Structure formats: C-alpha cells, structure tokens
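Chain and residue survey
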Amino acid sequence: MIITIGREFGSYGHVIGRQLAEKLGIKYYDKVSLAEEAKKTANYEELRGFYEEEPINSLLYVIATDSPSQGQRKVPFEFIRDLAGKEDCVIVGRCGNYILKDNPDMTSVFVHAPKEYRIDKTAESRKISREKARRLVEKEDKARAGFHTYYADEKWNEADGYQLTIDSSVISIENAVDLIIDFVNKKQNMKN
C-alpha cells in the first residue's frame, strides 16, 4: 500500500498524511524524512536538489516547460520507487503521484481548500497577520507548482493527476483520514 499526498499550502495535507500513516501503522515520508533517507545513500549529491527544493528561477522554469528534466529526475525518481517498493508508506509531496503513477498499489490524493480559508488557517496557526499569511500561501503554492512542473510532465494541482481530491475546509482531518482509508479499501475490493 502506497498513498501519495499532494497538497496546497495551508490545507493540512501534511497533517492528514502523518495521521493517516499513524492510523494505518505504516511509514511516513515527507521532504525532511525523504532527505534523511537520501543522505544514507552513496548518490546523495545527485538527490540534493530534489530534497532540498532549491529555488527554481524563471529561466530554469522556461527550460523545464520546454523540455522535461529527464536527467534531473532519473536518480530521485528511482530512489522513491525503490523506497516505496520496500514497504507500505505514505509519501507527502515530492511528485509522488507522478513518480509512482504506474504502480498498481499506489493511491494518489490531493488535499486542497479555498485560498481564503488557507490564509485564515495559516495566520491563526503561525500567529501572523493575514497579509503575511497571504504572501506565504501564494509563495509556497507557487514554489510547489514550479517544483512539480519542473520534475513532472503535468500541472501540480489538476484533478486528473490524482485519484482522490479532498477539500479540507469541509471535512475534519480525522474524517479526511477515514475517507482516504475507505477509498483505498474500496479500490482494493475493485481489484479482487
């Protein structure tokens, strides 16, 4: 069982992913834990940009949209495929839905919410002004979109790149976790 979670900033996708892994009793990977695993390998230097999410400048973005970054993604994609092949896990971010799209055991989820909701929640949780929260939400969403476009041949937040999408503004974190588990179980039943 592999569950990938893409998410908009401030939508609680990270929290949902962590609680999902805890409830299922499986490994949880996000940017930080994937980077830690990558550091244990001999080819970390080739993985560094992928896990440290180096800023993507506009020239690089133009190049990426004109020609996929085959060389840039080969090693990190193989690393994630190998990791996911070893054990059941939840992978948050890192183009997991794209990298593992051909794996029949993978379920891809995208967590989103209206922008104003995400701004309010970010301001509240970080104890910052709404204006600072707005800038942070916009900056992080732009960075995630640029990262995904650079490494994957698809747009980051389009529904057809995911098997299940959840609006976290209309459902609790606990119910979102249960919904994902129910979806995975129903998907498994369809295969049997």
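Below you will find a few notes about this structure. (Residues numbered from 1 in each chain as written. Predicted model: local features only at pLDDT ≥ 70, side-chain atom pairs only at ≥ 80, totals over all residues. Heavy atoms only, no water.)

**Observations regarding the pairing of strand β1 (residues 2-7)**
Extensive coverage of β1 is indicated by the burial of six of its six residues. Residues Ile 2, Thr 4 and Gly 6 line one face of β1 and the alternating positions Ile 3, Ile 5 and Arg 7 line the opposite face, and both faces are buried. Here β1 pairs with strand β3 (residues 89-92) via four bridges, running parallel. The partner of Ile 3 across the bridge, within β3, is Val 90. As defined by bridge partners, β1 adjoins strand β4 (residues 106-112) across six bridges and the pair is classed as parallel. Residue pairing across strands places Ile 3 opposite Thr 107, the latter belonging to β4. (Buried < 20%, exposed > 50% of the residue type's maximum accessible area, 1.4 Å probe, protein only. Helix = DSSP H or I, 4+ residues; strand = E, 2+ residues; numbered from the N terminus. Pairing = 2+ DSSP bridges.)

**Re the environment of Tyr 44**
Mapped onto the secondary structure, Tyr 44 falls in helix α3 (residues 44-52). When the C-alpha positions of Tyr 44 and Val 75 are compared, they lie 9.4 Å apart, and in sequence the two are 31 residues distant.

**Digging into helix α8 (residues 130-151)**
Its 22 residues give α8 an end-to-end C-alpha distance of 31 Å, which sits within 8% of 32 Å, the value for a rise of 1.5 Å per residue. For α8, the full list of buried residues reads Ala 133, Leu 136, Val 137, Asp 141, Arg 144, Gly 146, Phe 147, His 148, Thr 149, Tyr 150 and Tyr 151. (Expected span 1.5 Å × (residues − 1).)

**Thoughts on the sheet that holds β4**
Whether parallel or antiparallel, the strands of a sheet pair through hydrogen bonds between backbone atoms. In space, the five strands of this open sheet follow the order β2-β3-β1-β4-β5, with parallel pairing throughout. In this open sheet, the two strands that pair with only one neighbour each are β2 (27-29) and β5 (164-167). The sheet shows a mean angle of 20 degrees between the axes of neighbouring strands, taken without regard to direction. In terms of strand pairing, β4 meets β5 through four bridges, oriented parallel. Counted as the bridge partner of His 112 is Asp 167 from β5. The strands that helix α2 (residues 31-39) touches are β2 and β3; relative to β2, the one it contacts most, it runs at about 100 degrees. (Axes fitted to C-alpha atoms, helices over the stretch in contact; angles between N-to-C directions. Contact = heavy atoms within 4.5 Å.)

These figures come from the coordinates and say nothing about function on their own.
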